[in-house]
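Here is what each chain is made of, one letter per residue.
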Amino acid sequence: MRAGGPTEPVAFHFPGDDLFAPLLRPHGLPIGNLTSQIWANAVLTPVDHLLGSGLGLGSFVRYCDDVLVYAEDRSRLEDAWRRVRDLADRLRLRLHPDKCRLHRTTERVGFVEFVLERHGGRVAVHLRRSNILAFRRRMAKLRGERHPERFFVGVRAWLAHARHGHTRGLCRAELSRLVWTQ
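Keep in mind that this is a model prediction, so the values were computed, not measured.

*Asks:* Let's hear about the nonpolar core: which residues, and what values?
*Replies:* Within the largest apolar cluster, 18 residues are counted, with the highest numbers of intra-cluster contacts made by Met-139, Val-155 and Trp-158. Among the elements of the structure, β3 (109-111), β4 (114-119), β5 (122-127), α5 (129-142) and α6 (149-162) are those that each provide at least two residues to this core. When residues of this core are assigned to their parent elements, the largest contribution, five residues, is made by α6. Those residues within four positions of Met-139 in sequence are excluded, and the remaining contacts are Phe-151, Gly-154, Val-155 and Leu-178. Counting residues in each nonpolar core, the second largest holds eleven residues, with Val-47, Leu-55, Leu-57 and Leu-77 among its members.

Laid out in structure tokens, this is it:
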């Protein structure tokens, strides 16, 4: 069955594939497909079970196909990575070769448009600087339009996203910078 839109060309084989398998199986879901988040949750449930129950790593976060796994012991993380990679092969999925990496728990880590940073026993969640700058550019472009609805919808949408982090002061500061001109 083919996905509803264009998909990436496939140039790799999974264990057990014959020569023509990449030609017969399209890769992934089209970008922007509204069902992609639902499919990611359905397809990656076995990964959740492996990390949470199978490996006893209760400290992990997954949003769609983005996963963060926490452990103090590097060898335990490397073992988890190998086992997730093996499970992904069995599920006919592949881990992104450039985005899968190990970090110390003291390092800042980018995750789903946020930056996570550990401070003692807690994790601070901040917006990426590029996200804040993009918001400012969008609002500057929308400022002064004849119909202010798009401006205010944009502000509310950004605030809804930003509030998923520790951003109360940032949101307050950005709101104080906004001025509607007509």
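*Asks:* A description of the sheet that holds β3 should follow, citing residues and the corresponding values.
*Replies:* Spatially, three strands are ordered β3-β4-β5 in an open sheet, and the strand pairing comes out antiparallel. Of all the strands in the sheet, the pair left with one neighbour each is β3 and β5. Sheet twist, expressed as the mean angle between neighbouring strand axes with direction ignored, is 35 degrees. In terms of strand pairing, β4 meets β5 through six bridges, oriented antiparallel. Each bridged residue has a counterpart across the sheet, and for Arg-118 the counterpart in β5 is Val-123.

*Asks:* Describe helix α3 (residues 45-54), with residues and values.
*Replies:* Regarding α3, the residues found buried are Val-47, Leu-50 and Leu-51. Taken down its axis, α3 places every buried residue within 85 degrees of arc, on the same side. On its buried face, α3 sits against β1 (60-63), β2 (66-69) and α4 (74-90). Once α3 finishes, Gly-56 follows within two positions and takes phi at roughly 70 degrees, a positive value.

*Asks:* Tell me about the packing of aromatic side chains, and name the residues and values.
*Replies:* Per the counting criterion, the structure on display carries two aromatic pairs. Centre to centre, the rings of Phe-135 and Trp-158 are 4.1 Å apart; their planes meet at 15 degrees, and the pair counts as stacked. Here Phe-135, found in helix α5, pairs with Trp-158, found in helix α6; they are 23 residues apart in sequence, far enough to count as distant. A residue is classified by how much of its surface remains accessible, and Phe-135, at 2% relative accessible area, is buried. According to the relative accessible area criterion, Trp-158 is buried, its value standing at 4%. A centroid spacing of 5.2 Å and a plane angle of 90 degrees characterise the contact between Phe-151 and Phe-152, whose relative ring orientation is edge-to-face. For Phe-151, a relative accessible area of 3% puts it in the buried group.

About the criteria used
- Residues numbered from 1 in each chain as written.
- Predicted model: local features only at pLDDT ≥ 70, side-chain atom pairs only at ≥ 80, totals over all residues.
- Heavy atoms only, no water.
- Core = buried A, V, L, I, M, F, W, Y, C linked by side-chain atoms within 4.5 Å.
- Buried < 20%, exposed > 50% of the residue type's maximum accessible area, 1.4 Å probe, protein only.
- Helix = DSSP H or I, 4+ residues; strand = E, 2+ residues; numbered from the N terminus.
- Contact = heavy atoms within 4.5 Å.
- Pairing = 2+ DSSP bridges.
- Axes fitted to C-alpha atoms, helices over the stretch in contact; angles between N-to-C directions.
- Arc of directions from axis to C-beta.
- Phe/Tyr/Trp six-rings, centres within 6.5 Å; stacked < 30°, edge-to-face > 60°.

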